[in-house]
Amino acid sequence: MAIRWGVIGAGGIANRRTIPEGIIASDRAELVAVQDVAEDRVKDVAQERGVTHAFTDEADLLALDVVDAVYIATPTNFHAQQVKAAAAAGKHVLCEKPLGMTLQEVEEQIQVCADAGVKLGTNFMMRFHACHTKLKAMIEAGELGTLVFGRAELTCWYPPIPGAFRQDPALGGGGSLIDMGNHCIDLLEFLFGKVREVSCFTGNLVQDYKSEDTAVASLRFESGAVGFVDNLFNVPDAAARNALEVYGSKGSVAAFGTIGQDSGGSLTTVLEKGDKGYDADQVRDVETPQEIITPDVVNMYQAAIEGFCAAIVNDTEPPITGEDGLWSHRVIDACYESARTGKTIAVE
């Protein structure tokens with residue numbers, strides 16, 4: 001059974017990645033309708049993707065009986081009203097992160113979807129990256145021993161653009177932290193477990209828009225392990241490493257570029273195979289050489305769509321739920337509170 005999809009906000013990431021690599025690429029999904037406020041853009045997307053239903057008003061798309069589920073990829077300040085409207089129309093909803101502007105908005109979305117009997121999912125698609133699922137499997141198998149530290153970086157060059165919602169907190173909720181940091185934190189929680197307290201710094205070092213162009217946050221997980229995320233809108237794309245590093249009592253794993261929009265990549269591992277005592281010389285890369293692991297590529301956009309389709313067909317929870325999106329919002333809110341107050345903030 002193929003789930004019939006409508007897309008609300010058909011430009012940007014939707015047409016660049018999720019429509020072609022996720023919906024169209026999957027035999028479990030069918031693209032039947034697209035919407036975007038820009039008439040020329042939605043007509044172009046519809047023609048490019050072979051879709052007959054194209055609208056500038058999401059209400060017209062939601063009125064279609066042929067739509068089973070919607071993917072929402074609009075600016076953040078529209079998410080709450082669009083998720084509620086989709087639920088009222090009986091459509092299942094996969095929404096881009098963050099789900100809303102405030103915790104209250106997200107809580108209301110979850111409740112409205114539950115009352116309507118429709119699924120609500122949060123699109124943290126990086127969890128499905130083959131390198132990340134492989135790393136999680138290695139951790140669960142005990143190959144890294146006790147986890148002690150993780151780092152996730154997502155950085156890009158994002159100069160001032162008129163009307164860009166990520167550059168105005170009134171439209172996007174914030175800047176580099178809420179736009180990219182929530183991916184990084186979610187990924188570290190996927191590997192380490194829940195965050196329990198945060199300490200964060202934000203600022204504008206290069207760009208002069210209202211949202212922060214610089215954000216770093218330190219995290220303490222429920223296990224006691226610690227983590228670090230850094231998210232910058234002010235470093236050239238070619239210079240960004242987008243690093244993922246995990247350290248444990250038996251070794252380390254690092255990847256570069258798997259955090260981002262690409263589904264390819266590899267893991268560089270250095271794992272201790274046996275017990276070893278203290279070495280005063282601290283010799284490295286001799287007795288424990290590094291190994292490169294390159295998993296078979298799994299397109300993370302297709303995996304996210306197919307996981308949500310399976311939840312609809314099997315009437316199960318989506319792989320990444322609305323509650324996951326709510327938790328992410330709590331952690332990000334705590335980070336912003338820490339940046340404002342200069343204090344370490346517990347995440348309740």
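Along every chain, residues carry numbers that run from 1 in the direction the sequence is written. This being a predicted model, a pLDDT of at least 70 is required before a residue's local features are given, and a value of 80 or more before pairs of side-chain atoms are given or counted; all residues contribute to the totals for chains, interfaces and linings. Only hydrogens and water are set aside when side-chain values are computed; all heavy atoms of the structure are taken into account.

A short note on the nonpolar core
Generally speaking, nonpolar side chains in soluble globular proteins are found buried as a group.
Item 1. Counting 80 residues, the largest nonpolar core has Trp5, Val7, Val34, Val198 and Leu219 as the members making the most contacts within it.
Item 2. Secondary structure elements are taken from DSSP: a helix is a run of H or I of four residues or more, a strand is a run of E of two residues or more, and numbering for both begins at the N terminus. With ten residues, the single largest contributor to this core is helix α8 (residues 176–192).
Item 3. In what follows, residue pairs with any heavy atoms lying within 4.5 Å of each other are defined as contacts. In contact with Val198, other than residues within four places in its own chain, are Ser218, Leu219, Val331, Ala334, Cys335, Ser338, Lys343, Thr344, Ile345 and Val347.
Item 4. The criterion is simple. A nonpolar core is a set of buried Ala, Val, Leu, Ile, Met, Phe, Trp, Tyr and Cys residues joined through side-chain atoms within 4.5 Å. Under the scheme applied here, a residue whose accessible area is under 20% of the maximum for its type counts as buried, over 50% as exposed, and between as partly exposed, the area being computed with a 1.4 Å probe on protein chains only. With 22 residues, the next largest nonpolar core counts Ile8, Ile72, Ala86 and Val93 among its residues.

Let's talk about empty space enclosed by the protein
Item 1. The way it works is a 1 Å grid over only the protein atoms, where trapped points that fit a 1.4 Å probe form a cavity and open points with protein on both sides within 12 Å along at least five of seven lines form a pocket, and then any residue with an atom within 4 Å of a point lines it. Grid points are joined across faces, edges and corners, and a volume is the space filled by probe spheres set on the points. As enumerated under the stated definition, the model contains two cavities of 30 Å³ or more in all.
Item 2. Empty space within the largest cavity amounts to approximately 50 Å³.
Item 3. Lining the largest cavity are Leu94, Thr122, Asn123, Phe128, Ala304, Phe308, Pro318, Pro319 and Ile320.
Item 4. The residue inventory of the lining of the largest cavity, partitioned by class, reads seven nonpolar, two polar and no charged.
Item 5. When residues of the lining of the second largest cavity are assigned to their parent elements, the largest contribution, three residues, is made by helix α10 (residues 322–341).
Item 6. Polar here means any residue other than Ala, Val, Leu, Ile, Met, Phe, Trp, Tyr, Cys and Pro, which are nonpolar, and Asp, Glu, Lys and Arg, which are charged; Gly is therefore polar. When its residues are assigned to classes, the lining of the second largest cavity shows three nonpolar, five polar and one charged.

Digging into the pattern of salt bridges
Item 1. What makes a salt bridge here is a side-chain nitrogen of Lys or Arg within 4 Å of a carboxyl oxygen of Asp or Glu, nothing more. Within this structure, the stated rule accounts for 17 salt bridges.
Item 2. One salt bridge in this structure joins Glu39 and Lys43, with 3.2 Å as the shortest N-O distance. Taken together, the residues Glu39 and Lys43, both in helix α2 (residues 39–49) and four residues apart, mark about one turn of the helix.
Item 3. Assessed through its relative accessible area of 44%, Glu39 is described here as partly exposed.
Item 4. Overlapping salt bridges bring together Arg151, Glu153, Asp230 and Glu245 as one network.

Purely geometric numbers; function is a separate question.
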